[in-house]
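Chain by chain, the residues run as shown.
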Amino acid sequence: MRYLTDRKRAVGKGASGSGTEHFWWMTMSSVALAFLVPAFIFVFGHAIGMSQAELQAYFARPFPAILTALVTIVGMRHFAKGAQVMLEDYTQGSLRKGLVIFVYSLSWLISALVLYALAKMMFLAAAAQQITN
Amino acid sequence: MAEPKRVERPLSPFMIGPYYRPQMTSMSSILTRITGNALIAGFLLGAWWLIAAVSSPGYFGVVNWIVTSWLGWLIFAGMAWAMWYHYLTGLRHLLWDTGRGLDVETAEKLGWGAIIGSVVLTLLTLIILAIF
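Residue numbers run consecutively from 1 along every chain, following the written order of its sequence. Ligands are numbered from 1 and chains lettered from A, in the order in which they are written. With the structure being a predicted model, the display of local features is reserved for residues of pLDDT at least 70 and the display and counting of side-chain atom pairs for 80 or more, all residues being used for whole-chain, interface and lining totals. Side-chain numbers here rest on the full set of heavy atoms in the structure, without hydrogens or water.

Caption draft 1: Layout of the overall build of chain A. Of the regular secondary structure elements, chain A holds five helices and zero strands. Numbering of helices and strands runs from the N terminus, with a helix taken as a DSSP run of H or I at least four residues long and a strand as a DSSP run of E at least two residues long. When the helices and strands of chain A are placed in sequence order, the string is α-α-α-α-α. Across its three principal directions, the C-alpha atoms of chain A cover 75 × 35 × 25 Å. The buried label applies to any residue whose accessible area, calculated with a 1.4 Å probe on protein chains only, is under 20% of its type's maximum; exposed applies above 50%, and partly exposed to all values in between. For chain A, the residues scored as buried account for 38% of the 133 residues in total. Total accessible area computed for chain A in this model is approximately 8,100 Å², and 68% of it derives from carbon and sulfur atoms. Residues scored as positive are Lys and Arg, those scored as negative are Asp and Glu, and His as well as the terminal groups of each chain are ignored. To locate a charge, take atom NZ for lysine, CZ for arginine, CG for aspartate or CD for glutamate. Taken as two groups, the 11 positive and 5 negative side-chain charges of chain A have centres that lie 8 Å from each other. In this description, accessible areas are obtained by the Shrake-Rupley approach with a 1.4 Å probe, and a residue is regarded as covered only by the protein chains that are shown.

Caption draft 2: Broad picture of a nonpolar patch on the surface. Each patch is built from salt-bridge-free residues with over 30% relative accessible area, joining like charges within 9 Å and nonpolar side chains (Val, Leu, Ile, Met, Phe, Trp, Tyr) within 5 Å. Here a salt bridge means any side-chain nitrogen of Lys or Arg lying within 4 Å of a carboxyl oxygen belonging to Asp or Glu. Taken together, the side chains of B:Trp112, B:Ile116, B:Val119, B:Val120, B:Leu123, B:Leu124, B:Ile127, B:Ile128, B:Ile131 and B:Phe132 define a hydrophobic patch exposed on the protein surface, amounting to about 1,000 Å² of accessible area. Structurally, B:Trp112 can be placed in helix H4 (residues 104–131).

Caption draft 3: Molecular detail of the nonpolar core. Of all hydrophobic cores here, the largest spans 50 residues; its most connected members are A:Leu55, A:Phe59, A:Ile110 and B:Trp49. Listed by contribution, the elements that provide at least two residues to this core are helix H2 (21–47), helix H3 (52–60), helix H4 (62–90) and helix H5 (93–132) of chain A together with helix H1 (24–53), helix H2 (57–68) and helix H3 (70–97) of chain B. With 10 residues, H1(B) is the single largest residue contributor to this core. Contact partners of A:Phe59, with chain neighbours within four places excluded, come to A:Phe44, A:Ala47, A:Pro64, A:Ala65, A:Thr68, A:Leu118, A:Met121 and B:Leu50. Within this scheme, the nonpolar core is defined by two criteria: the residues are buried Ala, Val, Leu, Ile, Met, Phe, Trp, Tyr or Cys, and they are joined through side-chain atoms within 4.5 Å. Between two residues, a contact is recorded if the distance between any of their heavy atoms is within 4.5 Å.

Caption draft 4: Here's a closer look at the UniProt feature "binding site: heme" (unreviewed entry) in chain B. UniProt positions are given in the numbering used here, feature names are shortened, and annotations may be inferred rather than shown by experiment. Under the UniProt annotation, the feature "binding site: heme" (unreviewed entry) is placed at B:His86. If you trace the backbone, B:His86 turns up in helix H3. Assessed through its relative accessible area of 22%, B:His86 is described here as partly exposed. Beyond its immediate stretch of four places on either side in the chain, B:His86 contacts A:His78, B:Thr32, B:Thr35 and B:Gly36.

Caption draft 5: Local environment of the interface of chain A and chain B. With 47 residues of chain A at the interface, the matching set in chain B holds 38 residues. When two components associate, each loses some accessible surface as probed by a 1.4 Å sphere; the sum of these losses over both components is called the buried area. It is A:Ile41, A:Phe42 and A:Gln52 that lose the most area in chain A upon contact with chain B, and together they represent 18% of the buried surface on that side. Remark: the boundary between chain A and chain B carries one salt bridge. Of the charged contacts, one joins A:Asp89 and B:Arg33 as a salt bridge, the two residues approaching to 2.8 Å between their closest N and O atoms. Counted as a polar contact is a pair of N or O atoms within 3.5 Å, where, for protein atoms, one must be capable of donating a hydrogen and the other of accepting one, and residues adjacent in sequence contribute only when both atoms are in side chains. Our count for the contact surface shared by chain A and chain B stands at seven residue pairs in polar contact (both at pLDDT 80 or more).

Caption draft 6: Representation of the environment of B:Trp49. For B:Trp49, the location among the structural elements is in helix H1. Along the chain, B:Trp49 and B:Arg9 lie 40 residues apart, while their C-alpha atoms are 43 Å from each other. Non-local contacts of B:Trp49, meaning those with residues more than four positions away in its chain, are made with A:Phe44, A:Ala47, A:Ile48, A:Leu55, B:Phe60, B:Val63, B:Asn64 and B:Val67.

Caption draft 7: Spatial organisation of the pattern of salt bridges. All names here are of chain B. For the structure shown, the criterion picks out two salt bridges over all chains. When the shortest N-O distance is used, the salt bridge between Glu 105 and Lys 109 registers 3.4 Å. Taken together, the residues Glu 105 and Lys 109, both in helix H4 and four residues apart, mark about one turn of the helix. As far as burial versus exposure is concerned, Glu 105 and Lys 109 are alike and both exposed.

Laid out in structure tokens, this is it:
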């Protein structure tokens, strides 16, 4: 007699151990990026060539700041999981593990760098406003 | 104790070249992977630039010089193309996920659409950014 239900036995199945979760996450993030990326290309491209002060003021504004943060967070997770699939296709063993850890770390590092820069720009803008008031 | 048996699992072989003639479908597919992974270069440069923007003016000057040089322009123009290409083939993937457009003729047309479309969108992006 089987004590597990059919559903229970299907959970966690497959070589990934996580079913279709990875695939579904990539689908969701790709739809999110489909909305975010066209605006981001122009928002970011517009900033190239600005002076340091202009750049700080520009990315302290709500729309460029929130859009850049969203694209970075969603985009870097999308990158990490996509690069993981590539590495799983072409490498194996400890090398695979090491490289997957590397791309995950890199994507988190870039996310942290961008969020830190954006946060500091917002603080600088807020401080400048305090002085002028 | 049962000795854990070491199973030599095969990797998916790299088919293009020795076993598989390059085709629009396989080439446009691998280019999706290449562009997607190459985009990390743009994010690295972009993140470095934003960090420099909240650092000392001297440090910003160095990084901004790279970003606004011909090399920076080349990288970000290349990134714009990679982004648009990955974008269009990503939409193709979402279409395929619904079970549509999977026949060879349509898939090849969509491949051409992504290549031509990405070049057109990149040129449009560069023109719009140059004007505004």
